[in-house]
Amino acid sequence: MANNGKNSNIVVGLDIGTSKVVCIVGKYNEAQKLEIISLGAYPSSGLKKGVVVNIDATTDAIKKAVEQAQSMIEDKIRSVYVGIAGSHIKSLNSQGAVGIKDKEVTPYDIDRVIDSAQAVSIPSDQNVLHVLPQEYVIDGQEVSLDPLGMAGVRLEAKVHLVTCANSAVKNIEKCIRNCGLSRDRRSRHDHPSCDRHRRAAWPPLRSAGRGRRLGRASLRAPGAVPRCRAAVCRRALGRAGND
C-alpha cells in the first residue's frame, strides 16, 4: 500500500510513458476492494522508447500528471508505485535448492530457496526487478506454487528473473524525487495505451528462454502477481520490487 499518510489507504500508480505520463489513484473501500478515485495525465516529451532522455521534461510531466490527480482527492500524494519499461528489460530462467530446516517447509525455507535461485551472475549494469516463482520441487516431486507446510528434506525452486538497467531506474527515481515524491516499488509494465500493443499476447513465462528480451513488462495492482496467485509469489515479488 502506498505510504501516503499515517492512516491513508490510497494506492497511487505512475505510468511514465513515451507519449504521456499517467497518475492513477485507488482507494480501498470497506470490503477491501480497490476503487479508482482519481486520474491525471500529461503529455510526455522526455522519454524515448520508454527510457528517460530528458530529466527536466520528464520531471515536469510527472509533476503535472500528479497535480491533476491530486486536485480530485483530499489525501496528499507522497509516494507512488512506478512502472519500468524499455528494451533494457531482460529475463532469464534460474533455479535454486536448499535443505528444509525442520523437515517441514516454512516461510524461512521459501525465502532461502528464492534467494538461492536468484543468486546468478548478471551484468553489472543490470539489477533484478522481479523474481517470479514458476515451480517448486520437494524431494524430486513437483508440488504446488505454495509449498508452505509440506514435509520433505530438499526444496527446489524454478524461477523467472526479470532484470532492468540500473541507469534507467536511477533516472526515473531522480525524476520522482525532483517532484517531491518517493517510490514505493518498481514494477514491470506491459499495458501500453496503444491498441496494437494492447492486443499483443504476452507469452507464458515458462516458455521464455534464457536471456529472452521482454521489452515492456507489467504494472499490476500492488500485490498482484503475473501468472500466479499464490501467497508465496506475492512475497517474492514484493521483496524483489523493494530492492
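Now for a description of the structure that goes with this document. (Residues numbered from 1 in each chain as written. Predicted model: local features only at pLDDT ≥ 70, side-chain atom pairs only at ≥ 80, totals over all residues. Heavy atoms only, no water.)

## Let's talk about a nonpolar patch on the surface
On the surface, a cluster of nonpolar side chains totalling about 270 Å² of accessible area is made up of Ile-24, Ile-36 and Leu-39. With respect to the secondary-structure elements, Leu-39 resides in strand β3 (residues 34–43). For Leu-39, a relative accessible area of 44% translates into the label partly exposed. (Patch = residues over 30% accessible without salt bridge, like charges linked within 9 Å, V, L, I, M, F, W, Y side chains within 5 Å. Areas by Shrake-Rupley, 256 points an atom, 1.4 Å probe, with all protein chains shown as cover. Salt bridge = Lys/Arg side-chain N within 4 Å of Asp/Glu carboxyl O. Helix = DSSP H or I, 4+ residues; strand = E, 2+ residues; numbered from the N terminus. Buried < 20%, exposed > 50% of the residue type's maximum accessible area, 1.4 Å probe, protein only.)

## Considerations on the sheet that holds strand β7 (residues 90–99)
Taken in spatial order, the four strands line up as β7-β10-β8-β9 in an open sheet, and their pairing is antiparallel. At either margin of the open sheet sits one strand with a lone partner, and together these are β7 and β9 (141–143). Ignoring strand direction, the axes of neighbouring strands in this sheet form an average angle of 40 degrees. As paired elements, strand β8 (residues 126–138) and strand β10 (residues 154–165) share eleven bridges and run antiparallel to each other. The residue bridging Leu-132 from the neighbouring strand is His-160, located in β10. Packed on one face of the sheet, helix α2 (residues 107–117) meets β7, β8 and β10 and runs near 130 degrees to β7. (Pairing = 2+ DSSP bridges. Axes fitted to C-alpha atoms, helices over the stretch in contact; angles between N-to-C directions. Contact = heavy atoms within 4.5 Å.)

## Considerations on the nonpolar core
Core analysis: the biggest nonpolar cluster contains 30 residues, and Leu-14, Ile-16, Cys-23, Ile-62, Ile-77 and Val-80 have the highest contact counts within it. At the level of secondary structure, the elements contributing two or more residues to this core comprise β1 (10–16), β2 (20–28), α1 (55–70), β6 (79–84), β8, β10 and α3 (166–178). Tallying contributions element by element places α1 first for this core, with five residues. By size, the runner-up hydrophobic cluster in this structure holds 17 residues, among which are Val-98, Val-105, Tyr-136 and Ile-138. (Core = buried A, V, L, I, M, F, W, Y, C linked by side-chain atoms within 4.5 Å.)

## Some thoughts on the environment of Ser-91
With respect to the element layout, Ser-91 can be found in strand β7. When the C-alpha positions of Ser-91 and Leu-161 are compared, they lie 5.4 Å apart, and in sequence the two are 70 residues distant. Of note is the side chain of Ser-91, whose polar atom sits 3.1 Å from the side chain of His-160. (Polar contact = N/O pair within 3.5 Å; in protein donor to acceptor, adjacent residues only side chain to side chain.)

## Some points on unusual backbone geometry
The backbone phi angle of Lys-49 is positive, close to 55 degrees, even though this residue is not glycine. Although it is not a glycine, Lys-103 adopts a positive phi angle of roughly 65 degrees. Take Lys-103: it is sitting in the loop between β7 and α2.

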